[in-house]
Amino acid sequence: MNEKMQVWMEKVKSILNLFTHKKTIKSARITYQVVWNLFLLVLTVVILGGSFATGVGAGYFASLVKDEPVRSYESLKKDIYNYTETSDLYFANDVYLGRLRSDLVRDEVKLDQVSKDLTNAVIATEDEYFYKHNGVVPKAVFRAVFQEVTNSAVQSGGSTLTQQLIKNQILTNEVSFQRKANEILLALRLEKFFDKKEILEAYLNVSTFGRNSSGQNIAGVQAAAKGIFGKNASELSLPQAAFIAGLPQSPFGYTPFTREGTVKNNLEPGLTRMKTVLKRMFDGGYINQQQYAEASTYDITKDFTPPVANPLENYPWLTFEIEKRAIDVLTTVLAKKDGYTEKDLNEDDNLYYKYKILADHDLHQDGYQIHTTIDKDIYDAMQVVKDNYKYYGPDKAQEKKDPETGDMITVMEPVEVGAELIENKTGKIISFVAGRDFNKQKLNHATSAYRPNASTMKPLLVYGPAIELGKASPGTPLPNVALNFIPGRSKPWPQNYDYRYSGIVSARYALAKSYNVPAVKLYKDIVDQRPAKYLEKMGITSLLPPDFTNLSTAIGSLEKGVTIEENTNAFSTFANNGKFIDAYMIDKIVDKSGKIIYQHEVKPVDVFKPQSAYLTLDMMRDVIKSGTAAGINSKLNFKADWAGKTGTGNEYTDAWLVATNPNVTFGVWTGYDTPKSLQTQGMSYSQRNNTLWTELINSAYSIKPDLIAPKESFEMPEGIVKRSYCAVSGMLPSSACSKAGLIESDYFNVNDVPTKVDDSLVEGKFVTIGDKKYLALDSTPQEFAQFGLVLNPDFIERMVGKSFKNYSQLIPQKDRWGKILVPTAKMVDNGKKPDGVGLSVSGTTLTWNASPDNDVVGYRVYQGGTKVASINSGSDLSFTAGSGAYYVTAVDIAGKESAPSNVVEAGAVSETSETTAP
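Described in the following lines is the structure provided in the data block. Computed from a predicted model, the values in this text were never measured in an experiment.

### Here we look at the packing of helix H9 (residues 221-229) against helix H10 (residues 238-245)
Argument step 1. Between H9 and H10, the least distance of the axes is 11 Å, while the angle of their chain directions is 115°. When the axes of H9 and H10 are compared, the crossing they make is right-handed. Facing Ala224, Ala225 and Phe229 of H9, the residues of H10 in contact are Gln240, Phe243 and Ile244.
Argument step 2. Here the contact of H9 with H10 is composed, by residue class, of 5 nonpolar, 1 polar and no charged.

Pasting the structure below:
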């Protein structure tokens, strides 16, 4: 052992002696007790302090959540699954139209319809412990609280998917400890009631994902998959799933699309976020190294879907119309669900508006399917015709107030159009044309524009009701003369559109030629029975009190007017055997669970007897065959049993044509929004409107010929017979009427066949002076009088009243009426003999000049003092004679004879010879 080793051993021995020394041991014991006691004291303080802090924390937490109600399973389920989902719109036959306009597009989807890559990406990115925690991750909460308290620059989220779901569906985005405490409490409760799959499914449907390729805001993974990549959530690739999963952190920062639906110039934030999601999926073991590498380098931009047309862009009028009608339907549905009736809604405005607001809310948030009656192909075809039609007429200047400046400005107004096609038996609105250009005029002229319906009113308010009331039949004679139905008016009213009169005409002819006077006369005869009630039964909703009594209503001059839909729909009543079937567009509404909450039901309303409807229809057939719409036949691409009516507004401001066949009714209107004359150079306003009608219906025929052109015709119901009647009075033919050749035949309701014999004609004699006919006097020589018939004064008074004096207007200017005179067709004897005439001869032909007297009824030809011929006034003033001397005298209506003319020698002398009469 060396010296150094010995020194070291000594030192160790000294140290051991120190620890074994009695004093040292005593000191160590004292120190140990002090340290131990101090440790116990500190531990006690820590435990007490921790307990105190815990108690204080628990108390504070309890104070934060004290106002949060204890929610039941049903309450949580209702809130969590209450997705705001846009309603889908459909054409007829389940043809998809698009989304209802909304601030947010959402498609609900089940968890098993979401790709596994997407669910894994969401969990890896948003909540890696999702399947392990019970709604809350404590250390994440403490970390987030610590960062909030210390105002740390690094903020790591502390919310699980469960908490995020609670925040989105039940709470708000408010940043506060109270909201956070409620969130934690509800998250724990939610996990108690729902399994992880239910929570994940709800989260995937709730989260927002920025914008789609149309620029619309989207929520839910299905809307995101469709709107960004054009595919279902179940079909997403790994890169696509990662891209979508990264969006909820900053939906509008990472979204690839602008509000206008274009791709952003800078896509880097979203692409970087996608790679972050892929890294977390790799770290979490959801994908392998190869999948990670391939997905990270994938060019996701090539998968972005092009913009999908918003239905509001392609079908603006249709979209708004569906929305309006769906709200109306849902208003009634929701009210009935709460025990109210339609009558309650109609009588209580506050109740109506309450349910209308609820209906609007549900339509835009409850994800309904709105199925309509509109045939897409026919609708599209009609828009093409409307857009390309060349004969609307010119734009016209109109002064209007500028809504921004208040100044009067001049704008050019185009001729607008409205049209609607309705299926008769169901009331389905097959198609409509709302206007020329939505961007210039958003008013739907088919459904919402009120205009006077002009002469299209006549079958609805006059002829149909008059036949129904037994006051008229198609053959009923009516006066088309200058009557005045407004007391005190200086000029006759109404005027016909052509300002002409045609005498006594049948109701059938008056309707075909659209004469106003006969219609107003017939309406005046029935107005006290309030025929406007028939309009109400036929769906005309805009009538005001004056419309029930004003005679001008008969020719379509209403206080407010009617819509094209109402007018067209009313005409379908005649095609439906007198039953009105209300037109509709909303066929059914289906909620997001697949339950039909509304299905339209056809509810016919009895308006006319079948016989009345058919007789009116048969009259309207003549409008198409030979009346004011006869021109359409040559333009139609098909044949059908059409019956209809045209209409011309006052001062030519409106043009109408509504026609019906056994399947459909189609109405077209054209006019300026600010009423002004449609008359222009060239094609008339009625021709332009009628031509548009034919082009539109031809386009529908090209799509569905069987619907538009039924092979069958309107069937005549039982109870209609064909009978003969006198065209003058409409009564049973008399012998006088038979002699006049004025017996006609037409259809009658068997209960309204005339039973009285005609008394309108009285047999008599007449003479012709010039081109006019006068009643013969008792002294009028029989040789110059012809058999004729005179209108009975009592009949005239029944037809036109006592104040009408121009009786001659009653006689139509037609050959078969040539022997009919009026009582006032009298010639007064002037009291003197007629002046004589000058006679000349050429060979054997005698000619003479007319007597200057205006009461001469004929001429007598004499040979040697013997009368050889009598020539009526108004005939050729000549006579073919034999050889000999001749002279002529004039005879007036009273039988007085003029002095003889000069004597001429006929036949023997080649040149004209004259001698003096004896």
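Next comes the rest of the account.
### Description of the nonpolar core
Argument step 1. Counting residues in each nonpolar core, the largest one holds 121 residues, and the members touching the most others are Leu421, Tyr463, Trp693 and Leu791.
Argument step 2. The greatest single-element share of this core, amounting to 8 residues, is contributed by helix H24 (residues 610-625).
Argument step 3. Look past the residues within four positions of Trp693 in its chain and what remains in contact with it is Ile632, Leu636, Trp642, Leu657, Ala659, Phe666, Gly667 and Val668.
Argument step 4. Leu161, Ala233, Leu238 and Ile287 belong to the second largest nonpolar core, which has 56 residues in total.

### Here's the deal with the pattern of salt bridges
Argument step 1. A complete count under the given rule lists 33 salt bridges for this structure.
Argument step 2. The salt bridge involving Asp380 is made with Lys376; its shortest N-O contact spans 2.7 Å. Of this pair, Asp380 and Lys376 both sit in helix H18 (residues 376-388), 4 residues apart, which is roughly one turn of that helix.
Argument step 3. Residue classification places Asp380 among the partly exposed residues on the basis of a relative accessible area of 22%.
Argument step 4. With relative accessibility at 27%, the residue Lys376 sits in the partly exposed group.
Argument step 5. Asp746 is the salt-bridge partner of Arg508, the closest N and O atoms lying 2.7 Å from each other. With Arg508 in helix H20 (residues 507-512) and Asp746 in strand S21 (residues 743-749), the pair connects residues that are 238 residues apart, well separated along the chain. Accessibility assignment for this pair places Arg508 and Asp746 in one class, buried.
Argument step 6. Salt bridges linked by common partners bring Arg508, Asp618, Arg621, Asp622, Asp641 and Asp746 together as one network.

### Notes on the pairing of strand S14 (residues 586-590)
Argument step 1. Across 4 bridges, the pairing between strand S6 (residues 369-372) and S14 is antiparallel. Paired with Ile370 across the bridge in S14 is Ile589.
Argument step 2. Bridge analysis of S14 against strand S15 (residues 596-599) gives 3 bridges, and the strand direction is antiparallel. Within S15, the position partnered with Lys588 by the bridge is Gln599.
Argument step 3. From the end of S14 to the start of S15, which pair antiparallel, there are 5 residues, and Gly594 there has a positive phi angle of about 95°.

### What about the environment of Val790?
Argument step 1. On the secondary structure map, Val790 appears in strand S24 (residues 786-791).
Argument step 2. The class for Val790 is buried, based on a relative accessible area of 12%.
Argument step 3. Along the sequence, Val790 and Leu761 sit 29 residues apart, while their C-alpha atoms lie 5.4 Å from each other.
Argument step 4. Setting aside chain neighbours within four positions, we find Val790 in contact with Ser760, Leu761, Val762, Leu775, Leu821, Val822 and Pro823.

### Structural notes on the sheet that holds S15
Argument step 1. Strand order in this open sheet of 5 strands is S2-S1-S6-S14-S15, and the pairing throughout is mixed. Edge strands, defined here as strands with exactly one partner in the open sheet, are strand S2 (96-99) and S15. Each adjacent strand pair in this sheet contributes to an overall mean axis angle of 15°, direction not counted.
Argument step 2. In the packing of helix H15 (residues 316-337) onto the sheet, contacts are made with strand S1 (88-90), S2, S6, S14 and S15, and the angle to S14 comes to roughly 65°.

### Considerations on the environment of Asp127
Argument step 1. Along the chain, the position of Asp127 falls in the loop between helix H4 (116-126) and helix H5 (138-149).
Argument step 2. For Asp127 and Thr162, which are 35 residues apart along the polypeptide, the C-alpha to C-alpha distance reads 9.1 Å.
Argument step 3. Aside from chain neighbours lying at most four places away, what touches Asp127 is Val122, His133, Thr160 and Leu161.
Argument step 4. In this structure the side chain of Asp127 is engaged in a polar contact, spanning 2.7 Å, whose partner is the side chain of His133.

### A closer look at the state of the cysteines
Argument step 1. Evaluation of the coordinates by the stated rule reveals 1 disulfide.
Argument step 2. The side chain of Cys726 participates in a disulfide bridge whose partner is Cys737; the two sulfur atoms lie 2.3 Å from each other. Of note, the bridge from Cys726 to Cys737 carries an S-S torsion of about 95° and is right-handed in sense. Remark: Cys737 occurs in helix H27 (residues 735-740) and Cys726 occurs in strand S20 (residues 720-726); sequence separation between them is 11 residues.

### A short note on the pairing of strand S27 (residues 845-848)
Working note: regular strand, side chains alternate between the two faces of the sheet.
Argument step 1. Side chains Leu846 and Trp848 project from S27 onto a buried face, and the interleaved Thr845 and Thr847 project onto a face without burial.
Argument step 2. The pairing of strand S26 (residues 839-842) with S27 spans 4 bridges and is antiparallel. Among the inter-strand pairings, Ser840 is bridged to a residue of S27, identified as Thr847.
Argument step 3. Taking the residues that link successive antiparallel strands as the turn, the S26-S27 hairpin has 2 residues, and the phi of Gly843 there is positive, at about 70°.
Argument step 4. For S27 and strand S30 (residues 878-880), the ladder comprises 3 bridges, and the chain directions are antiparallel. Across the sheet, Thr847 pairs through a bridge with Ser878, a residue of S30.

### Let's talk about the side chain of Asp88
Argument step 1. Within the secondary structure layout, Asp88 lies in strand S1.
Argument step 2. When neighbours within four sequence positions are excluded, Asp88 is seen to be in contact with Tyr96, Gly98, Arg99, Tyr368, Gln369 and Ile370.

### Considerations on the sheet that holds strand S4 (residues 208-211)
Argument step 1. With mixed pairing, 3 strands are arranged side by side in an open sheet as S3-S5-S4. The two strands at the open ends of the sheet, each matched to only one other strand, are strand S3 (104-106) and S4. For this sheet the average axis-to-axis angle between neighbouring strands, irrespective of direction, equals 30°.
Argument step 2. Where S4 meets strand S5 (residues 217-219), 2 bridges bridge the pair, whose relative direction is antiparallel. Looking at S5, one finds that Arg211 is bridged to Asn217.

### Details of helix H12 (residues 268-283)
Argument step 1. With 16 residues, H12 extends 23 Å from end C-alpha to end C-alpha; this agrees with the ideal 22 Å at 1.5 Å per step.
Argument step 2. Listing the buried residues of H12 in full gives Gly270, Arg273, Met274, Val277, Leu278 and Met281. The arc that holds the buried residues of H12, viewed along the axis, is 145°, so those residues lie on one side.
Argument step 3. Trailing H12 by a residue or two, Gly285 shows a phi angle of about 85°, which is positive.

### With respect to the side chain of Thr563
Argument step 1. If you trace the backbone, Thr563 turns up in the loop between helix H22 (532-537) and helix H23 (564-575).
Argument step 2. Excluding residues within four positions of it along the chain, Thr563 makes contact with Ala446, Thr447, Ser448, Ala449 and Tyr450.

### Some details on the packing of aromatic side chains
The geometry of two aromatic rings is summed up by the distance between their centres and the angle between their planes.
Argument step 1. What the rule picks out here adds up to 28 aromatic pairs.
Argument step 2. Centroid distance Phe638 to Tyr701: 4.5 Å. Interplanar angle 20°. Geometry classified as stacked. Here Tyr701 lies in helix H25 (residues 685-703) and Phe638 lies in the loop between H24 and strand S17 (643-648), a separation of 63 residues in the sequence.
Argument step 3. Relative accessible area serves as the criterion here: at 25%, Tyr701 is assigned to the partly exposed category.
Argument step 4. One aromatic cluster in this structure is built from Phe638, Trp642, Phe666, Trp693 and Tyr701.
Argument step 5. Between Lys722 and the ring centre of Tyr747, over which it is positioned, the NZ or CZ distance is 5.3 Å.

### So, the packing of H12 against helix H13 (residues 289-296)
Argument step 1. Contact pair H12 / H13: the axes reach a minimum separation of 10 Å and the direction vectors enclose 180°. Looking at the two axes, H12 sits roughly antiparallel to H13. Only Gln289, Tyr292, Ala295 and Ser296 of H13 make contact with H12, whose side of the interface consists of Met274, Lys275, Leu278, Lys279 and Phe282.

### Observations regarding unusual backbone geometry
Argument step 1. For the peptide bond that leads from Trp493 to Pro494, omega is 5°, which places it in the cis range.
Argument step 2. We note that Asp94 has phi near 60°; this positive angle belongs to a residue other than glycine.
Argument step 3. For Asp94, the position within the fold is in the loop between S1 and S2.
Argument step 4. Classification of Asp94 as exposed rests on a relative accessible area of 52%.
Argument step 5. Positioned with a positive phi, Ser514 is a non-glycine residue whose angle comes to about 55°.
Argument step 6. Summarising the element assignment, Ser514 is placed in the loop between H20 and helix H21 (516-526).

What counts and what doesn't
- Residues numbered from 1 in each chain as written.
- Predicted model: local features only at pLDDT ≥ 70, side-chain atom pairs only at ≥ 80, totals over all residues.
- Heavy atoms only, no water.
- Axes fitted to C-alpha atoms, helices over the stretch in contact; angles between N-to-C directions.
- Helix = DSSP H or I, 4+ residues; strand = E, 2+ residues; numbered from the N terminus.
- Left-handed = near helix turned anticlockwise from the far one by under 90°.
- Contact = heavy atoms within 4.5 Å.
- Nonpolar A, V, L, I, M, F, W, Y, C, P; charged D, E, K, R; others polar.
- Core = buried A, V, L, I, M, F, W, Y, C linked by side-chain atoms within 4.5 Å.
- Buried < 20%, exposed > 50% of the residue type's maximum accessible area, 1.4 Å probe, protein only.
- Salt bridge = Lys/Arg side-chain N within 4 Å of Asp/Glu carboxyl O.
- Pairing = 2+ DSSP bridges.
- Polar contact = N/O pair within 3.5 Å; in protein donor to acceptor, adjacent residues only side chain to side chain.
- Disulfide = S-S within 2.5 Å.
- Expected span 1.5 Å × (residues − 1).
- Arc of directions from axis to C-beta.
- Phe/Tyr/Trp six-rings, centres within 6.5 Å; stacked < 30°, edge-to-face > 60°.
- Lys NZ or Arg CZ within 6 Å of the ring centre and 35° of its normal.
- Parallel < 35°, antiparallel > 145°, perpendicular 65-115°, else oblique.

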